[in-house]
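# Breakdown of the fold
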Amino acid sequence: MIEALRGSRALCALALTTLAAVVLVLFQPPGFRPSVLVLGVLSAVLTGSICLRTARHTALGVPSCRFWWRNLFAMGAMTLATLCELLDPYAPGSVIGVAGVTLRAFGAICFAWALLRLSTHAVTRARKVALWLDITTLTSATMILLGHSVLDDFVRLGTNLPPQTVVLLITSAVGVFLVARLALGGTGLLPPRALAGTAVAAIMGGMAPPVAMLSLGWEPGRPGSEPLLFVPLIANLGLAFSGRFHVLDTGSTTAGETQRTWRRVLPYASVVAVDVLLLAHVHSGDSGLMLVTVGAVILTVLVVARQLVAARENEVLQQRFRLLVQNSTDIISVSDPDGRVIYCSPAIQRVLGIPPAAAIGTMVPDWAHPDDAEGLRECWDATLAGGPGASGTCRIRVRNSEGEFRWIEIATSNLLHEPSVGGILTNSRDVTETTMVQERLSHEATHDALTGLANRVLYTRRVEAAVAGGGPFSIVLVDLDGFKAVNDTLGHAAGDALLIAVAERMTDNVRSTDTVARLGGDEFAILFDGLTGDAVDRVLTRIAEALLIPVPVREHLISVRASFGVADACGDVDELLHRADIAMYAAKLRGEGGHVRYSDGMRIQNRNDPAGPLRAAVEEGELVLFYQPVVSLADGRLAGVEALVRWQHPVRGLLGPNEFIPLAEESGLIVPLGAWVIREAVRQAAEWTTAHGDAAPGTVAVNVSAAQLREDGFAETVATALWESGLPAARLCAEITESTAIGGGATAQNLTRLRELGVRLSLDDFGTGSATLSALATCPVDQIKLDRSFVTGPDAIPQAVIQLAHALGIEAVAEGIETEEQARWLAGLGYHLGQGFLYARPMPVADLAAWLPAFTATAS
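Structure report, in brief. (Residues numbered from 1 in each chain as written. Predicted model: local features only at pLDDT ≥ 70, side-chain atom pairs only at ≥ 80, totals over all residues. Heavy atoms only, no water.)

## Some details on the overall build of the chain
- Regarding its fold elements, the chain presents 31 helices and 21 strands.
- Residues classed as buried in the chain amount to 47% of the 860 residues present.
- Of the contacts formed within the chain by residues at least 6 apart in sequence, a portion of 65% connects residues at least 24 apart.
- Counting only carbon and sulfur atoms, one obtains 59% of the accessible surface of the chain, whose full area is about 40900 Å². (Helix = DSSP H or I, 4+ residues; strand = E, 2+ residues; numbered from the N terminus. Buried < 20%, exposed > 50% of the residue type's maximum accessible area, 1.4 Å probe, protein only. Contact = heavy atoms within 4.5 Å. Areas by Shrake-Rupley, 256 points an atom, 1.4 Å probe, with all protein chains shown as cover.)

## Here we look at unusual backbone geometry
- With a phi angle near 45 degrees, Gln-28 is a residue other than glycine that sits in the positive phi range.
- With respect to the helices, strands and loops of the structure, Gln-28 is situated in the loop between helix H2 (9–27) and helix H3 (32–55).

## A closer look at the packing of helix H4 (residues 62–87) against helix H9 (residues 231–248)
- At their nearest, the axes of H4 and H9 sit 12 Å apart, and the two run at 155 degrees to each other. The angle between H4 and H9 falls in the class roughly antiparallel. Our pair here, H4 against H9, has a crossing hand that is left-handed. In contact with Ser-64, Trp-68, Asn-71 and Met-75 of H4, H9 contributes Asn-236, Leu-239, Ser-242, Gly-243 and His-246.
- Here the residues of the contact of H4 with H9 sort into three nonpolar, six polar and no charged. (Axes fitted to C-alpha atoms, helices over the stretch in contact; angles between N-to-C directions. Parallel < 35°, antiparallel > 145°, perpendicular 65-115°, else oblique. Left-handed = near helix turned anticlockwise from the far one by under 90°. Nonpolar A, V, L, I, M, F, W, Y, C, P; charged D, E, K, R; others polar.)

## Describing a nonpolar patch on the surface
- Where nonpolar side chains cluster on the molecular surface, the patch consists of Leu-16, Leu-19, Val-23, Leu-26 and Phe-27 and spans about 570 Å² of accessible area.
- Mapped onto the elements, Leu-26 comes out in helix H2. (Patch = residues over 30% accessible without salt bridge, like charges linked within 9 Å, V, L, I, M, F, W, Y side chains within 5 Å. Salt bridge = Lys/Arg side-chain N within 4 Å of Asp/Glu carboxyl O.)

## So, the sheet that holds strand S6 (residues 473–481)
- The strand order across the open sheet built from five strands is S7-S8-S6-S11-S12, with neighbouring strands paired in mixed fashion. Strands at the two margins of the open sheet, each flanked by one partner only, are strand S7 (515–520) and strand S12 (594–597). For this sheet, the mean angle separating the axes of adjacent strands, direction not counted, is 20 degrees.
- Note: S6 against strand S8 (residues 523–529), seven bridges, orientation antiparallel. Across the sheet, the residue bridging to Ser-474 is Phe-528, located in S8.
- Across the sheet, helix H18 (residues 492–508) is in contact with S6, S7 and S8; its angle to S8 comes to roughly 10 degrees. (Pairing = 2+ DSSP bridges.)

## Re the environment of Ala-454
- Mapped onto the elements of the fold, Ala-454 is located in the loop between helix H15 (432–446) and helix H16 (456–469).
- Of the residues examined, Ala-454 reaches a relative accessible area of 6% and is grouped as buried.
- Considering only alpha carbons, one finds Ala-454 and Leu-519, 65 residues apart in sequence, at a separation of 8.3 Å.
- Each residue touching Ala-454, except ones within four places of it in the same chain, is listed here: Thr-446, His-447, Asp-448, Thr-515, Val-516, Ala-517 and Arg-518.

## What to know about the side chain of Asn-414
- By the element assignment, Asn-414 lies in strand S4 (residues 405–415).
- In this structure the side chain of Asn-414 is engaged in a polar contact, spanning 3.2 Å, whose partner is the backbone nitrogen of Leu-416. (Polar contact = N/O pair within 3.5 Å; in protein donor to acceptor, adjacent residues only side chain to side chain.)

## A word on the pairing of strand S5 (residues 423–430)
- Pairing analysis gives five bridges linking strand S1 (residues 331–335) to S5, with the strands arranged antiparallel. Looking across to S5, one finds that Val-334 is bridged to Leu-425.
- Of the pairings in the sheet, the one linking S4 to S5 comprises eight bridges and is antiparallel in character. In the strand pairing of S5, Ile-410 is matched with Ser-428.

These values are about where atoms sit, not about what they do.
See below:
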């Protein structure tokens with residue numbers, strides 16, 4: 001009680017108001033009656049405010065809130081009735097008095113309505129019948145005792161009952177009935193303390209006044225009947241305490257969970273009391289009537305004893321069942337055929353954080369997540385349609401008290417035919433953790449752990465579904481070109497980051513209905529459901545362009561090309577995948593990325609060794625070198641040449657480096673191929689020197705790959721080529737990329753050894769990587785080559801590069817010069833050397849030899 005007062009100012013004020021009214025009535029100072037009525041008005045207003053606050057406490061559940069809204073209506077009527085009673089003496093002859101009586105009667109009806117609408121312990125038809133029999137027995141016995149004390153004199157004297165006495169008897173019967181209803185039926189909505197407060201309100205407001213008026217002769221306004229003034233205030237205080245306790249005890253064990261012994265004994269005790277009255281009444285009467293009466297009393301005692309024994313046995317069984325239900329981790333509930341909950345076990349508090357009382361009266365379908373409601377409805381309908389004993393199971397998401405959704409597995413059983421249940425029994429279990437583990441395992445079994453894409457299993461399954469569907473579709477197998485070099489140069493962590501970026505860019509450029517999968521390593525696949533022909537080609541072009549955008553990986557910018565093999569729908573999954581595989585390797589052999597669509601008759605020679613033809617080309621001398629001049633921008637003098645490898649394919653003709661260098665890097669052939677390039681380039685440079693003297697190119701530049709620099713004997717290979725040709729090391733320039741320049745281990749050792757030999761180092765495609773400054777700091781070079789992409793760009797980058805070159809004391813070469821305007825602009829910025837189509841395209845040895853005299857004459 002102290003706890004309730006501490007948390008509510010309105011309740012404290014109401015308690016003080018009630019105490020003041022009691023003190024006024026006990027001491028009866030002059031004019032106390034109007035003061036008590038004023039306090040009564042204040043008491044009703046405070047009680048109404050507490051009812052309003054309790055009705056707005058949504059955590060109590062809809063049925064409980066409705067109970068307090070009804071009490072609020074009752075208190076509103078009682079407030080107006082007390083106000084009319086206060087004003088009536090000051091307006092004699094008016095309708096205020098009649099209005100007050102009417103309002104009080106209406107308030108009593110509202111309060112009785114609220115009590116009668118409360119649910120009871122009984123959930124089955126048999127238990128409801130037994131409960132109402134007990135209530136009727138207790139009410140009848142109580143009224144027999146009260147009626148005997150009141151009517152005995154009238155019966156003995158043979159006089160008629162006054163109308164007022166009849167009204168009081170009826171009022172008393174109603175009050176006794178309501179109290180019996182609360183005492184025996186309890187409620188599944190109100191916790192024990194709230195139920196006790198409601199009982200006090202019912203006794204003091206509905207039963208005590210008429211009983212006191214009948215038995216004690218009290219009447220309003222009669223001297224000696226003053227306690228009738230503060231009885232309504234005590235009733236209000238009891239109702240207010242009930243509301244406060246209801247809020248405080250929300251979630252505790254409700255009254256409906258315990259059938260107290262005194263409730264079970266009350267009906268039998270009332271019967272015994274009537275029997276005692278009967279014995280006392282006939283004690284002085286006929287001896288024969290006495291014998292019959294004593295026999296009836298004995299039989300009543302025996303029946304009562306037998307019922308008590310049976311009730312005790314039932315109580316043990318019910319207590320065992322109750323303990324099982326209360327301590328079960330499953331939520332057990334009973335609902336009517338429409339899905340309205342009429343009973344819910346306390347486990348719902350532990351599982352979902354929802355008080356059992358709040359669940360009663362709700363609809364089961366309302367519990368489900370909107371996406372799961374249809375599945376629950378189907379399970380429910382199937383259980384109803386299956387008849388007695390039918391069952392069903394479904395899994396739905398239910399929101400808990402914190403707003404989170406939990407996975408709940410619901411098992412339903414149709415027990416409408418069972419009198420002890422009379423509804424649909426549901427057993428609900430929290431399976432959130434199990435569901436999450438199952439979903440994770442299922443996802444891991446069908447998705448790639450690194451990229452989150454579908455794996456080979458899921459991709460094959462969806463291709464099979466597309467084949468079975470018979471509609472148009474295309475599949476694409478994708479292989480990344482040069483991915484092995486990324487792993488070898490920057491490590492597997494960088495390779496993984498690149499794979500993740502590739503997966504994201506593929507996913508971003510397809511529809512949500514398409515499937516992107518990683519089959520393993522650097523192999524991907526795409527399923528275009530309902531898409532074929534040019535539409536697929538456009539998507540693949542978009543993906544290829546997206547992959548060329550550099551990806552920031554560990555302070556590097558890495559771009560990647562891919563080869564795509566496309567196959568359109570056919571009737572066999574294995575054949576479809578085989579066709580896409582053939583097309584993908586055809587695209588890969590082209591060496592320039594892009595996509596190839598499978599066509600009838602397409603075959604791949606040396607399928608297990610796609611680099612076989614290139615290997616044969618290296619061994620059989622099908623490779624040739626072309627040379628592009630590097631000139632002085634000031635006077636057009638030939639400064640050197642860059643050696644560029646070509647493949648003189650016996651079938652396809654002359655192939656550029658883009659068509660076979662990626663395959664050479666991936667297969668490892670770049671090492672022997674690069675060694676041949678170095679030997680041939682230095683041999684040819686030495687030959688030019690012998691043949692042309694000062695007119696010969698001053699330097700010859702060769703591109704050196706990362707794989708070559710990782711070879712322990714690479715520097716010795718270069719030294720041997722220089723020794724065999726007789727070319728001075730200073731006339732050989734090794735062009736390396738920025739990512740290669742910052743490599744450690746054998747790469748660093750080889751670069752150091754080359755500098756010791758006197759070989760010049762050039763940083764190729766300068767500015768396109770993310771480690772430009774790091775490369776200059778860790779690997780001092782003799783020359784940097786401005787990438788062709790900056791020649792047509794704004795002044796800022798070329799100007800910054802030439803300033804950096806001058807600051808470091810190294811040469812700067814501008815690549816990709818195509819117009820006189822570009823040449824003059826770059827010369828004006830400070831560039832001394834350049835190369836590009838303006839001066840000459842890459843040409844074979846014979847063409848360069850013929851070009852040298854003319855070039856020398858022009859320069860001079």
